[in-house]
Amino acid sequence: MKKKIAFVLALIMILAVALSACGNAKPSGETVTKDSLIGAYRKKLEESGSAAYKILIDMKIGVSAVGQSQNMEMTGEMDVETTQDAAHISGSVTGNTQGQTQTSKIETYSIKNGDAFDVYTFSDGNWVKQTSPVAVKGDIQAMLALHDPSSMEMTETDTEYLVNGTLSLAEAFDALKNYISGYDQIGEFDLSSLDLKSVDPAKTIYHFDKKTKEPTAVDLDMTDCAKGLMEQLVKSLTGSLMPENTSGIDISSLIKINAEKLVISVKDIVFGKDIRIELPEEAKKASEVPSYDGQATAMKDFYVEELKISLPDTFEEEDVTGYTKAFFDNYSAVLVLREDKADLANYAENMDEYVKLVVSANESRGISEPVYVNGRPTFEYDATANDITYRYYTTLYESDEAFWIVQFASMKQAYDVFRNLYVQFSDNVVFAH
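Asks: Looking at this model, I keep getting lost on the confidence of the model for the protein chain. Mind explaining?
Replies: Segments scoring low in pLDDT should not have their predicted coordinates read at a detailed level. Confidence in the prediction of the protein chain, expressed as mean pLDDT, is 76, and 73% of residues score 70 or more. Throughout residues 10–28 the model reports pLDDT below 50, and contacts reaching past four residues in sequence, or to other chains, amount to 60 contacts. Confidence over residues 238–247 falls short of pLDDT 50; this stretch has 15 contacts with residues more than four positions distant or in other chains.

Asks: Teacher, can you tell me more about helix α6 (residues 351–361) here?
Replies: An α-helical segment advances 3.6 residues per turn. Residues three or four places apart therefore align on the same side. Turning to α6, its buried residues are Met351, Tyr354, Val355, Val358 and Val359. The arc that holds the buried residues of α6, viewed along the axis, is 140 degrees, so those residues lie on one side. Seen from the buried face of α6, the exposed residues on the opposite side, beyond 90 degrees, are Asp352, Lys356 and Ala361. Buried residues along α6 sit in contact with β19 (333–340), β21 (376–385), β22 (388–398) and β23 (402–411). The opening residue of α6 is Asn350, an N-cap whose side-chain oxygen sits 3.2 Å from the backbone nitrogen of Asp352.

Asks: Looking at this model, I keep getting lost on the environment of Arg391. Mind explaining?
Replies: Among the secondary structure elements, Arg391 is positioned in strand β22. In this structure the C-alpha to C-alpha distance between Arg391 and Arg419, which are 28 residues apart in sequence, comes to 9.8 Å. Look past the residues within four positions of Arg391 in its chain and what remains in contact with it is Glu380, Tyr381, Asp382, Phe408, Ala409, Ser410, Lys412 and Tyr415. Of the polar contacts made by the side chain of Arg391, one reaches the side chain of Asp382; its length is 2.7 Å.

Asks: Where do I start with the sheet that holds β19 in this structure?
Replies: Within a sheet, adjacent strands bond to each other through the backbone by hydrogen bonds, running parallel or antiparallel. Here we have seven strands laid out as an open sheet, ordered β17-β18-β19-β23-β22-β21-β20, and antiparallel in their pairing. Because the sheet does not close on itself, it has two edges, and the strands there are β17 (316–318) and β20 (371–373). Across the sheet, the mean angle separating the axes of adjacent strands is 30 degrees when strand polarity is ignored. As paired strands, β21 and β22 are joined by eight bridges and run antiparallel to one another. Bridge pairing in β22 places Thr378 opposite Thr395. α6 rests against β19, β20, β21, β22 and β23 of the sheet, and its axis sits at about 160 degrees to β22. Contacts from helix α7 (residues 415–427) reach β20, β21, β22 and β23 within the one sheet, and its direction differs from that of β22 by about 15 degrees.

Asks: Hey, could you run me through the sheet that holds strand β24 (residues 430–431) in this one?
Replies: The antiparallel open sheet is built from three strands, whose spatial order is β15-β16-β24. One side of each edge strand has no neighbouring strand; the edge strands of this open sheet are β15 (299–304) and β24. Note that β15 and strand β16 (residues 307–312) share six bridges and pair antiparallel. Its bridge partner lying in β16, Met299 is registered against Pro312.

Asks: Looking at this model, I keep getting lost on the side chain of Glu306. Mind explaining?
Replies: Tracing the backbone shows Glu306 in the loop between β15 and β16. Within polar-contact distance, the side chain of Glu306 engages the side chain of Arg338 at 3.2 Å. Reaching out from Glu306, the side chain makes a polar contact with the side chain of Ser399 at a distance of 2.9 Å. Sequence-distant contacts of Glu306, defined by excluding residues within four places in its chain, comprise Arg338, Ser399, Glu401, Ala402, Trp404, Val430, Phe431 and Ala432.

Asks: Just checking my understanding: could you explain the packing of aromatic side chains for this structure?
Replies: Given two aromatic rings, one states the distance between the centres and the angle between the planes to describe the pair. Within this structure, the stated rule accounts for 13 aromatic pairs. A ring pair is formed by Tyr354 and Phe403, whose centres lie 4.5 Å apart and whose planes are at 10 degrees; its orientation type is stacked. Note that Tyr354 is positioned in helix α6 and Phe403 in strand β23, a separation of 49 residues in sequence. Across the pair, Phe403 and Tyr354 agree in class, each one buried. Summarising the aromatic geometry, the rings of Phe418 and Tyr422 are spaced 6.1 Å apart at their centres and angled 20 degrees between planes, so their arrangement reads as stacked. In this pair, Phe418 and Tyr422 both sit in helix α7, four residues apart, roughly one turn of the helix. Neither Phe418 nor Tyr422 differs from the other in exposure class; each is buried. In this structure an aromatic cluster arises from ring pairing among Phe315, Tyr393, Phe408, Tyr415, Phe418, Tyr422 and Phe425. Sitting over the ring of Phe403, Lys341 keeps its end group 5.3 Å from the ring centre. One residue, Arg391, lies across the ring of Tyr415, its end atom 5.4 Å from the ring centre.

How each quantity is defined
- Residues numbered from 1 in each chain as written.
- Predicted model: local features only at pLDDT ≥ 70, side-chain atom pairs only at ≥ 80, totals over all residues.
- Heavy atoms only, no water.
- pLDDT = per-residue confidence, 0-100.
- Contact = heavy atoms within 4.5 Å.
- Buried < 20%, exposed > 50% of the residue type's maximum accessible area, 1.4 Å probe, protein only.
- Helix = DSSP H or I, 4+ residues; strand = E, 2+ residues; numbered from the N terminus.
- Arc of directions from axis to C-beta.
- Polar contact = N/O pair within 3.5 Å; in protein donor to acceptor, adjacent residues only side chain to side chain.
- Pairing = 2+ DSSP bridges.
- Axes fitted to C-alpha atoms, helices over the stretch in contact; angles between N-to-C directions.
- Phe/Tyr/Trp six-rings, centres within 6.5 Å; stacked < 30°, edge-to-face > 60°.
- Lys NZ or Arg CZ within 6 Å of the ring centre and 35° of its normal.

See below:
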């Protein structure tokens, strides 16, 4: 749930920036046109140097698989304040799945530091800090340059001018890459492999007060483009969630994901407000996690009996009681356990039986059936030691003479930063036969 919420929030941020600066026309005197409204909107944003607004989320997705169905709903409200050098977001997001409700509080500060931004996030009772080393303005402007007001339509009511347009999901995701690391992975779904250009664009509606000509809201309806995205996600399920020996089965006809609603609204827009954004004292003590660019470099091979795993050369081997080998760097642990098949002869004769044995032995940790990732049984769970909660990405393997458990772990508040990397590391495991 939290990873999905984080992705939706990231998408909201890029779209909020895009929508609050769309168009490149200049005001054309007193004549009210779509060009004058959008152009004045953008000019005011560029000249004001600050803005405040609310972001509202309303999402409902239905999932049906082999006769069973469930709905996931998400609503949220966030207050956003921005200046040229800082931004502050606060609010909450509530998700509801099959009557189970979870509310996540949102508190994030972005503070400019030279050519980069330090991002402070309150998560699970702790503050964490990351640095975004890239300048994103160029990408945003490139995307906005494609938005010509001449392709929009203007209508009016008794109280409002409405300017309707569209926003390409592919262009939004391209700009999103520089706003949040690892954005292109939702669970086991790799968004970068999807054909976003074939997905219907999002619909945008800009609201302007008829008397003042001031912008009052922007509505972004992503329902239609989300439906196309979900269809592609279903097709990508084949092979990603099924055991290796069933990878040839087409399960797309058995699974339906329907985006019933996905609407994001920007409301209560105020430009030029006197805003002072100051980082709280407790946030200044945040645990720092490294920026993650999705790629591991300077790799080194590590060996455990017949197992070989490639890890960054920052890892070092250490002895840990209860494990065959362990490797650590400043942020992550890799724990390896080898169990001889001969020692488990009365309990597990094949991988399926070994999976059941592992599940049974770890019921207290809340482990149930695994998710298969690239043919591997995989578990994710939390464990607490010395008042610190860690999250584990655990995979199971089989060699000729043994079964293996390989665990990748980090502090829970940093886990989403490293998860994609752990998937890559688990792909690097090979055996000498």
